[in-house]
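# Fold and geometry: a report
Listed below are the residues making up each chain.
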Amino acid sequence: MEIKLDLLDLETKNKLGKDTIVTIINDPVYHKAKKYKAVSASLLIKNEIDLTKIDPKNTKIIFECRDGYKPEMPLELFLKANPYLAFQDSDAPQGAKWETIVKNGNEMNAEPFYIVYTSVSEKDTRYKWPYNLVKIYLEPLNKSTLELYPLKNRKLESGYTLFKNQCLTCHSINGIGGTMGPELNYPKSVTEYWKENELVDYVVNPSSFRTKVKMPTLGITKQQSQEIVDYLKYMSENKKKL
C-alpha cells in the first residue's frame, strides 16, 4: 500500500484548504522567529485520504523534496502535532515569496512548501521540517525495515539504526531512501571504492575532506561512524538490482 499526494497538483486545483498565518517562535531552518501563510497539513491529509482504511499507528509519512531530501516519520505522531503546510513566507523581502536559506555557505529556497509546527520543539528530532516539499507519501511503517534490516547479522543492528536515522533521508540503499546524495550500494557500494578508514573519517566530518560540502556534520562519534560503515559493508553483499 502506497498513497501519494502531489501538493503542486492540489494547489493548482485549489484543494489545499483554508489558509491562515502561523508564527514559529524558533524556526529550525532559519534559526529565528518566522511567520508563514499556511494551511492545516493534517486536515489536508484527512480531506484527501480516507484514514478509516489505513492504520495510522502502522503507517509512516514520507516527504519528497525537490532537492532529493526524503525524510519520514510515523503518521500518527505527525497528525497529533497539528502540523502546517506553509506556502509563503510572510517575512520574505519585498517582491519575493520566500526568504533565502543559507546553510553551510550554500543558498537554498524553501519553495514551494515547508512543513512547520507551532507546538513542537525544534530540538525534538522525531519531527521533520522538510522544505521545498512537493509530494507526500503514506507507506507501511515497516516497509524499509523489512528490506534494509541486517537479518543475516543482527550484531549490525546499531549501524542499521544509525544509518536509518542519520543517512536514509539523503542517501538510498538498493533504491530505498533519499536522492539528495548518491545511491550507496548499487551498482558499486561506497565501501568498494573508498578506503575504510577514510570513509569512517568522512562520515564524521565531511568538511575536512571537501570545501562547501553539502553533507552536514551529523554529530556522531568515530565509533558510530564505524558501525555505519560496517552496516554498509554488509549491504554491499546484499545488493538489489535497480
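Description of the structure in this document.

Analysis parameters
- Residues numbered from 1 in each chain as written.
- Predicted model: local features only at pLDDT ≥ 70, side-chain atom pairs only at ≥ 80, totals over all residues.
- Heavy atoms only, no water.
- Helix = DSSP H or I, 4+ residues; strand = E, 2+ residues; numbered from the N terminus.
- Rg over C-alpha atoms; globule rule 2.2 N^0.38 Å.
- Buried < 20%, exposed > 50% of the residue type's maximum accessible area, 1.4 Å probe, protein only.
- Contact = heavy atoms within 4.5 Å.
- Areas by Shrake-Rupley, 256 points an atom, 1.4 Å probe, with all protein chains shown as cover.
- Lys, Arg positive; Asp, Glu negative; His and termini not counted.
- Charge placed at Lys NZ, Arg CZ, Asp CG, Glu CD.
- Core = buried A, V, L, I, M, F, W, Y, C linked by side-chain atoms within 4.5 Å.
- Pairing = 2+ DSSP bridges.
- Axes fitted to C-alpha atoms, helices over the stretch in contact; angles between N-to-C directions.
- Phe/Tyr/Trp six-rings, centres within 6.5 Å; stacked < 30°, edge-to-face > 60°.
- Lys NZ or Arg CZ within 6 Å of the ring centre and 35° of its normal.
- Parallel < 35°, antiparallel > 145°, perpendicular 65-115°, else oblique.
- Left-handed = near helix turned anticlockwise from the far one by under 90°.

## Topic: the overall build of the chain
On a plain count of helices and strands, the chain comes out with seven helices and twelve strands. Radius of gyration (C-alpha) of the chain: 19 Å, near the 18 Å computed for a compact globule of 242 residues. By principal-axis analysis of the C-alpha atoms, the chain measures approximately 50 × 45 × 30 Å. Looking at the chain as a whole, 45% of its 242 residues are labelled buried. Long-range pairs, those at least 24 residues apart, make up 63% of the contacts in the chain with a sequence separation of at least 6. In the structure as shown, the chain presents an accessible area of about 13200 Å², 48% of it carried by carbon and sulfur atoms. Computed over 36 positive and 31 negative side-chain charges, the separation of the two mean positions in the chain equals 1 Å.

## Section: the nonpolar core
Side chains of nonpolar character tend, in soluble globular proteins, to be buried together. Grouped together as the largest cluster of nonpolar side chains are 45 residues, with contacts concentrated most on Phe78 and Leu85. Apart from the residues lying within four places of it in its own chain, the contact partners of Leu85 are Leu7, Leu16, Lys37, Ala38, Val39, Ala41, Leu44, Phe113, Tyr114, Ile115 and Leu133.

## Some words on the sheet that holds strand β6 (residues 83–89)
Taken together, the four strands give an open sheet; going across it, the order is β2-β3-β6-β9, and neighbouring strands pair in antiparallel fashion. Lying at the two open borders of the sheet, with one neighbouring strand each, are β2 (19–27) and β9 (114–117). Shown here is a sheet whose adjacent strand axes are inclined to one another by a mean of 55 degrees, direction ignored.

## Re the packing of aromatic side chains
One pass over the structure, following the stated rule, counts 13 aromatic pairs. Aromatic pair Phe163 and Tyr231: ring centres 5.7 Å apart, planes at 45 degrees, arrangement tilted. In this pair, Phe163 is assigned in helix α5 (residues 157–166) and Tyr231 in helix α7 (residues 222–236), connecting sequence segments 68 residues apart. The two residues Phe163 and Tyr231 agree in class, both being buried. An aromatic cluster of at least three residues, connected via ring pairs, comprises Phe63, Phe78, Tyr117, Tyr127 and Trp129. Across from the ring centre of Tyr30, 4.3 Å away, lies the NZ or CZ of Lys34, which sits over that ring. Over the face of the ring belonging to Tyr137 we find Lys70, whose NZ or CZ atom lies 5.7 Å from the ring centre.

## Re the packing of helix α6 (residues 196–204) against α7
Two elements in contact, α6 and α7, have axes whose closest approach is 9 Å; the angle formed by their N-to-C orientations is 125 degrees. In terms of axis orientation, α6 runs oblique to α7. The two elements α6 and α7 meet at a crossing, and its hand is right-handed. On α7, the residues that touch Glu196, Leu199, Val200, Asp201, Val203 and Val204 of α6 are Lys222, Ser225, Gln226, Ile228, Val229, Asp230 and Lys233.

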